[in-house]
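Chains, contacts and geometry: an overview
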Amino acid sequence: YIVAMELQGVQEEDYTTEQDALDILTKQKAANFVPGQEYLYSNTGYFLLGVIVKRASGQPLREFAAERIFAPLGMRHTQFNDSHTRIIPNRATGYQKADPSGFGIEMSDWEQIGDGSVLTSVEDLQRWDQNFYEPKVGDSRLVETMHETGVLNSRKKIGYASALMIGTYRGLPTVSHSGSWAGYRAQLLRFPKQHFSVACLCNLGNANPTRLAYKVAEVYLGDAMQKEKPPAAAGPAGRAPITVPLKNLQALTGTYRDPVSTDVIRLGVREGKLVADADARSFPLSATAANRFRFEGYEGGKRELELERVRGARPRLRVVTMDDEEEPSRQTFEPVDAWVPGPEALAQLAGVYASEEVGTTWRLVAQEGKLFVRHRGISPKPLTPTIRDTFKLEGLQLTFERGAGEGATGFLLDAGRVKNLTFRREVSP
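A brief report on the enclosed structure follows.

Scoring rules and cut-offs
- Residues numbered from 1 in each chain as written.
- Predicted model: local features only at pLDDT ≥ 70, side-chain atom pairs only at ≥ 80, totals over all residues.
- Heavy atoms only, no water.
- Core = buried A, V, L, I, M, F, W, Y, C linked by side-chain atoms within 4.5 Å.
- Buried < 20%, exposed > 50% of the residue type's maximum accessible area, 1.4 Å probe, protein only.
- Helix = DSSP H or I, 4+ residues; strand = E, 2+ residues; numbered from the N terminus.
- Contact = heavy atoms within 4.5 Å.
- Polar contact = N/O pair within 3.5 Å; in protein donor to acceptor, adjacent residues only side chain to side chain.
- Arc of directions from axis to C-beta.
- Pairing = 2+ DSSP bridges.

**Some thoughts on the nonpolar core**
One finds L7, W362, L364, F400, F411 and L413 to be the most contacted residues of the largest nonpolar core, which totals 36 residues. Among the elements that take part in this core, helix α1 (residues 2-8) stands out by supplying 5 residues, more than any other. Once you skip the residues sitting within four places of it in the chain, F411 turns out to touch Y353, W362, L364, L398, T399, F400, E401, L421, T422 and F423.

**Here we look at the side chain of T262**
Along the chain, T262 turns up in the loop between β11 (254-257) and β12 (264-270). Here the side chain of T262 touches K392 through a polar contact of 3.3 Å, side chain to side chain. With residues near it in sequence (within four places) discarded, T262 still touches R257, K392 and Q397.

**Description of helix α2 (residues 18-26)**
Regarding α2, the residues found buried are A21, L22 and I24. Buried residues along α2 cover an arc of 165° about the axis, so they all sit on one side.

**A closer look at the environment of I69**
Tracing the backbone through its elements, the reader meets I69 in helix α4 (residues 61-70). On the accessibility criterion, I69 (23% relative accessible area) is partly exposed. Ignoring anything within four residues of it in the chain, the contact list for I69 reads F64, W128 and V137.

**Points about the pairing of strand β13 (residues 273-278)**
Direction of pairing for β12 relative to β13: antiparallel, over a ladder of 5 bridges. Paired with L267 across the strands is A276, a residue of β13. A loop of 2 residues connects β12 with β13, the two strands running antiparallel in sequence, and E271 in this loop sits at a positive phi of about 55°. Examined bridge by bridge, β13 and strand β14 (residues 281-289) share 4 bridges and lie antiparallel to one another. For A278, the partnering residue across the bridge sits in β14 and is R281. Remark: 2 residues form the turn of the hairpin made by β13 and β14, two consecutive strands paired antiparallel; D279 in that turn has positive phi of roughly 55°.

Rendered as structure tokens:
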């Protein structure tokens, strides 16, 4: 529901209610995918659970949680905040880096709860954490059930359980969950076998409490952890840096696309060095082997690219991303023909498009050889063409549909946690 409302033009600082979220949810026409086929985090699920608690108990979730959860655990400084006008002593203000020299306030007036809006302290989180060892709320069977991870229809296990991430870090089992909203960031990281936990709460939007929590854990548990692997680029002492001939690098240039996530990587050569354009950034690539490269300047972990050679064609790319959590993500990128639409092709896509599911219209404008979305809350940057009739824009993908003629009849929007939203063309340019 958060993404759907943002696509509607609602922003974090706007005032929104529980009913606003329910209204937009009732407009959705289909699921993102067949249940059990994939895993995708859902704020909507937790929000609706909060609504169910209210309807089943006759109490607002704020009161129910205070009486049945927080008070029994002695969490005197914890509450659901379901009113943006409520005065809360000692509440931290959320901030965001506004420019290189300063900060700005980043707060939210959204009143949906269940998926967030919990105000707490590190001391209270210790009391919450202890309940997983010595249950006062619920019992040992409930705690055990909460740690059971999901299983897809394919029988593949995922790392997500009941509001808990189950994983490992440097060989040690972990249970964790992070959160972010407006200018707030949080992480609660537990090492159950060591009965050791780190709670990290930040009121700065670009803070990384997950990384900080792991660094704290390393200070205390480092001797029990597996040794960190040396960077792939390091190699034996004294080895000269790996140099790939320029003609080999030039043979790799072009566009590559992950057919599952639809992410796109463009490889080019600049000043004799292979460069990857991905995630709206450019990353120089350093060779760590003849067919393997490391993304330079990747923050929060590391990312590596491996070439899978295909006879007579550009290779496939296998990209492994290792962020703060140990479980890496793997993507396969297939070589595709880049689509570079000219002014006439872009003009055929310009117009006004409407979506019943988010109850809004978007205006697309073709200017100076580029296509833009003009809508509140949507990036003013130009859309980036990928494959034919498909564009990307900061986490959004627009795939245009055509009728009998050349003009577009509409587009499907993939916005990450909301997929296949239909926009129909209303007005020709």
